[in-house]
Amino acid sequence: MSERSAEGLRQEVTGRHVRVSLVEPGAVATELSSHNRPEIREQISKRFSDVDRLHAEDIADAISYIVTRPRRIAVNELLVRPTEQVG
């Protein structure tokens, strides 16, 4: 979901006290990269070789933060990246 569509959805449901959040994770150590073609896996490996990637638990913690806020608080977007990740 893009920022634009998340914002559109948020505006549609805000009167019903529904909160919409967009979580944008950076480099996360998951099996997802293993589903890429070998040349793409090599590029990913080179780009993030010196980066201590996030763990799935880090993203789960970010989501937990969002959903445990008081009803009056809406976290619209949350960008979560490893400290060393560039771009």
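Use the structure listed above.
Let me begin by describing the structure that accompanies this report. From a predicted model like this one, the values you see are computed outputs, not experimental measurements.

## Considering the environment of M1
Within the secondary structure, M1 sits in the segment before α1 (3–13). In this structure M1 comes out as exposed when scored by relative accessible area, which is 65%. In the structure, M1 is positioned 21 residues away from L22 in sequence and 7.7 Å away in space, judged by C-alpha atoms.

## Notes on the nonpolar core
Core analysis: the largest hydrophobic core is formed by five residues, namely V28, L54, I59, A62 and V80. Ignoring any residue separated from it by four or fewer positions in sequence, one finds V28 in contact with R53, L54, H55, A56 and I59.

## Concerning helix α3 (residues 56–67)
Given a rise of 1.5 Å per residue, twelve residues ought to cover 16 Å, and the 17 Å separating the end C-alpha atoms of α3 matches this to within 8%. Those residues of α3 not exposed but buried are I59, A62 and I66. Axial view of α3: buried residues confined to an arc of 55°, hence all on one face. Residues E57, D61 and V67 are exposed on α3 and point more than 90 degrees away from its buried face. On its buried face, α3 sits against β1 (22–25) and β2 (77–80).

Cut-offs applied
Residues numbered from 1 in each chain as written. Predicted model: local features only at pLDDT ≥ 70, side-chain atom pairs only at ≥ 80, totals over all residues. Heavy atoms only, no water. Helix = DSSP H or I, 4+ residues; strand = E, 2+ residues; numbered from the N terminus. Buried < 20%, exposed > 50% of the residue type's maximum accessible area, 1.4 Å probe, protein only. Core = buried A, V, L, I, M, F, W, Y, C linked by side-chain atoms within 4.5 Å. Contact = heavy atoms within 4.5 Å. Expected span 1.5 Å × (residues − 1). Arc of directions from axis to C-beta.

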